[in-house]
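Residue-level listing of the chains:
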Number of protein chains: 2
Amino acid sequence: MKRISASFLPPIALAYRSKTPMYRQLYDWFRRAIIDGQMRPGQRVPSTRGLAAELKMSRIPVLNAYEQLLAEGYFETFVGAGTCVARSIPDDTLSPQAVKARKGMQEKVGKLGPRRMSRRGAALTHVPAQSWLDNLGAFRVSLPALDHFPIGIWSKLVARHSRRPPRGIMAYSDAMGYPPFRDAIAEYLGAVRGVRCEASQILVTTGSQQALQISAQVLLDPKDRVWMEEPGYPGARQAFMTAGAQLIPVRVDHDGMNVAEIIRRGPDARAVYVTPSHQYPMGMTMSATRRMLLLNWAVRSGAWIIEDDYDSEYRFGSRPIASLQGLDTDGRVIYIGTFSKVMFPALRLGYAVVPKDVVAAFSAARDAADIFSSTLYQAVLTDFIREGHFARHIRRMRMLYMERRRALVNAIQSQMGDMFEVIGAEAGMHLVALLPPGTDDVAVSRKAAEKGISAIPLSTCYLEPPTTGGLILGYGGANAHQIHDGIRKLRMSIQDQIA
Amino acid sequence: MKRISASFLPPIALAYRSKTPMYRQLYDWFRRAIIDGQMRPGQRVPSTRGLAAELKMSRIPVLNAYEQLLAEGYFETFVGAGTCVARSIPDDTLSPQAVKARKGMQEKVGKLGPRRMSRRGAALTHVPAQSWLDNLGAFRVSLPALDHFPIGIWSKLVARHSRRPPRGIMAYSDAMGYPPFRDAIAEYLGAVRGVRCEASQILVTTGSQQALQISAQVLLDPKDRVWMEEPGYPGARQAFMTAGAQLIPVRVDHDGMNVAEIIRRGPDARAVYVTPSHQYPMGMTMSATRRMLLLNWAVRSGAWIIEDDYDSEYRFGSRPIASLQGLDTDGRVIYIGTFSKVMFPALRLGYAVVPKDVVAAFSAARDAADIFSSTLYQAVLTDFIREGHFARHIRRMRMLYMERRRALVNAIQSQMGDMFEVIGAEAGMHLVALLPPGTDDVAVSRKAAEKGISAIPLSTCYLEPPTTGGLILGYGGANAHQIHDGIRKLRMSIQDQIA
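Here is a short report on the structure shown in this document. (Residues numbered from 1 in each chain as written. Chains lettered and ligands numbered in written order. Predicted model: local features only at pLDDT ≥ 70, side-chain atom pairs only at ≥ 80, totals over all residues. Heavy atoms only, no water.)

**Focus on helix α1 (residues 22-35) of chain A**
Residues and elements named next belong to chain A. In this model, α1 (14 residues) spans 20 Å end to end at C-alpha, consistent with the 20 Å of a helix rising 1.5 Å per residue. For α1, the tally of buried residues reaches 12 of 14 residues, placing the bulk of the element in the interior. Immediately beyond the C-terminal end of α1, within one or two residues, lies Gly37, with a positive phi of roughly 85°. (Helix = DSSP H or I, 4+ residues; strand = E, 2+ residues; numbered from the N terminus. Expected span 1.5 Å × (residues − 1). Buried < 20%, exposed > 50% of the residue type's maximum accessible area, 1.4 Å probe, protein only.)

Set out below in structure tokens:
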């Protein structure tokens, strides 16, 4: 057994005034010396008494440090032979040279590192930076009027549920969600959206995005074909790509997704993703005829329909359009919705209504994803709905957004009528402003983001090369002044870009 | 154009005392009649005046219903020709026969439905029911002592943050998490767990389960091989299977995962999943030697190490063991932790510490999964940590769990010393009780669940056929009385099963 005298130890530097306890500093020093190869396997370490004397400190921290190093296997002891660095510590790659080489590698990691991400992971990394999502200024899409949220009522309900929480609010809960909340959602969807379901079919999710991803996991195998609206919602695209699906774009026109094209191009698709109440981003409504044709196609070809009803609460000209799910008698439709827009985004609550025979799979997929949603907000929102605050808030916001939409359309017409063609302003919390042919909408959005304005480039919603550029402008979170000022800055951004 | 007189309409049944408005009842009736084929495409509908007179009601609800049916495309109008059911509505599959057939199919859905789930979805459905997770009684694994949680302090912090929330607490936020919370986590992990990282490397997740699933998505392609501890944590198994990975079991012994076996069986693995501080479920600590051998292997074979440090806060005999991540100089380790056990499970907050060069991919994967975590609890927990409540709570719980562990070990020795062999009782919030050879632990757990006792069968932690049955018994959430009573009920369950 190799014995090296304690006097060969590299100098031990201790910080006597540090908050880190002395035993911990000693432990760290020895561990580092072993890992870096400055102390070698089998090397003898000083006795606790000797080291304490040498360092002029009490023996207790030295004893504690040694005990920990023994417990973790860095040191070993032999009766009569004292303590040494464990001989089983690997020796080969831990020489100073190896450490030096590894430190060099560390600095260059990502270029040199031979370890690989998955194809999914690599694809996710190649999404270009979306600087227009870095601010919460005018025209951030999906941002509601937070300053009009009844925060007083809400925080009273939060306090009610967090002061003396029942065990159920703190412990593990059902992967499908908090049962009273699921009851409230089922009632609301039945009354307002024409959704036909029982509470047992409701899966509570972290926003609609998680509902999309879980649907993708349960329904789609890698390489499965999915029909997507073109242009369409990039969040759905991300969720389906994460499952390895192959996305096929289908153009939308004034009646929504072109169902005839789906029927013509063959039945070999596993699913179709559709926003029939209010197409994202273009804003049209899918006609009744197309809804029925789509359902018939799904029945004939054994496909699923993923209906994303993301903001149908706000419709100005006419009443809300009933859901596609309500027409479905074959359990073909997964109906997805969210509270991010009606309440506030950081609530992180959405839902999927799933056919009864796939409830077990959705529940298990949620369990594998992240077990369940935090219970507090589910309980608070249940009361908010049951006590009538929810319906009242939606009514108020509908009036407010109607005004804001008018302010935005007016501002565009008076300041930029020559540059923008407005479409899809009958519902929801956003509209689309088409740019003159040839304008690079991504460049415009980047310039606008530098001025604190958030405008999503329409081209990012296309799978194929887009025919025209445009900007998606949300008006939920911007008041009249911000809208006016925002349009002024947008005009400057476009002029910068064209010049 | 086919014209059918209004007198051919099926009878319209209206509920005059219903809460559903009259226009809505009329709308629903017409829509249903069209969908079910009782009204055919091109069929003329009565005039609003005529129908109102026939139904003895005001004309306004009839006008509203017609307007909605026109807007959605169920009706169409022609100048001089009145209103009829839209002729573009598909006719073929909507005959009464077809509807009847579909209704029959609906009842048998899941058996007959030709639509398919993904292989993932089908595999998830075949997980047998885990009745032992249906209750929160003694020995629910991972359940902390909720009645000892400082709920007064916590709810004051919740109230502070929800009364006048800054915009950031309600709006969209960073996919990586709330920045002050990430700072607090980085400091905590550096000081207590020896993790070397910057706040920018911290991804806040919905519990550690989401950290596992996102790691799987970013790092693993379908069919990639992953070394798993045997026995090991079923939640990790689920997360990796969802990504399509192939799981290879590696036995654990008294020093943790058998790293020599990993080295011997070849370098063609993409990742290894390991719980080095406190092996789940068996409770041993991975030795320093094996940690270094594992890191060296990962460097040589281009593999990732996923270190799950799920409950290292509670260690009774010795101080907490420093993390494997702290030894890593090559960016090989994804370090995962959770607040579910130290705080409470419904908090749903965990984290992953990821190497710098894969931060962008983890962030994008989180965005695709569910965008971001609700901000309120992140802000509240930041204050809870900064104001010292967190460290104090951990210290108190360490004392409490030490007592509860002793109570459990004593109860087992006095009541069931002949049936149980206890292992892994030096740390954490659970221990393993091995059953006599040949005992069916799943059957025992099911019997115990009927008595309100939660005991996870050890065999569910194995990928290969287990060599011995056992029960995983959590003692965090059970007081002395519940422990005593629980062991009595467990003994009865075992006797029932053996008898």
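After that view of the structure, there is still more to cover.
**Some thoughts on the interface of chain A and chain B**
On the chain B side, the residues contacting the 116 residues of chain A number 117 residues. Roughly 10,500 Å² of surface becomes buried between chain A and chain B when both sides are summed, with 54% attributable to carbon and sulfur atoms. The tally of links from chain A across to chain B stands at four salt bridges. We note a salt bridge from Asp357 of chain B to Arg115 of chain A, for which the minimum N-O separation is 2.9 Å. Our count for the contact surface shared by chain A and chain B stands at 43 residue pairs in polar contact (both at pLDDT 80 or more). Of the residues forming the side of chain A that touches chain B, the biggest block, eight residues, is contributed by helix α13 (residues 359-370) of chain A. Split by residue class, the side of chain A that touches chain B holds 58 nonpolar, 34 polar and 24 charged. (Contact = heavy atoms within 4.5 Å. Buried area = accessible area lost by both parts, 1.4 Å probe. Salt bridge = Lys/Arg side-chain N within 4 Å of Asp/Glu carboxyl O. Polar contact = N/O pair within 3.5 Å; in protein donor to acceptor, adjacent residues only side chain to side chain. Nonpolar A, V, L, I, M, F, W, Y, C, P; charged D, E, K, R; others polar.)

**Description of the relation of the copies chain A and chain B**
Under the fitted operation, chain A is carried onto chain B by 0.0 Å of movement along the axis and a turn of 180°, and the coordinates agree to an RMSD of 0.1 Å. The operation mapping one copy onto its partner corresponds to a two-fold rotation axis. Distance from the rotation axis, computed per C-alpha, reaches its smallest value in chain A at Ala159 of chain A: 2.9 Å. When you check the interface residues of chain A against chain B, 99% turn up at the interface there too, and the contact is symmetric in its surfaces. (Least-squares fit on C-alpha atoms with pLDDT ≥ 70 in both.)

**Some words on the sheet that holds strand β9 (residues 333-338) of chain B**
All names here are of chain B. With mixed pairing, the eight strands of this open sheet are ordered in space as β3-β10-β9-β8-β7-β4-β5-β6. Only two strands of the sheet have a single partner each, and these edge strands are β3 (202-205) and β6 (256-257). Strands in contact with helix α10 (residues 234-242) are β4 (225-230), β5 (246-253), β7 (271-274) and β8 (304-308); relative to β4, the strand with the most contacts, it is inclined by about 170°. (Pairing = 2+ DSSP bridges. Axes fitted to C-alpha atoms, helices over the stretch in contact; angles between N-to-C directions.)

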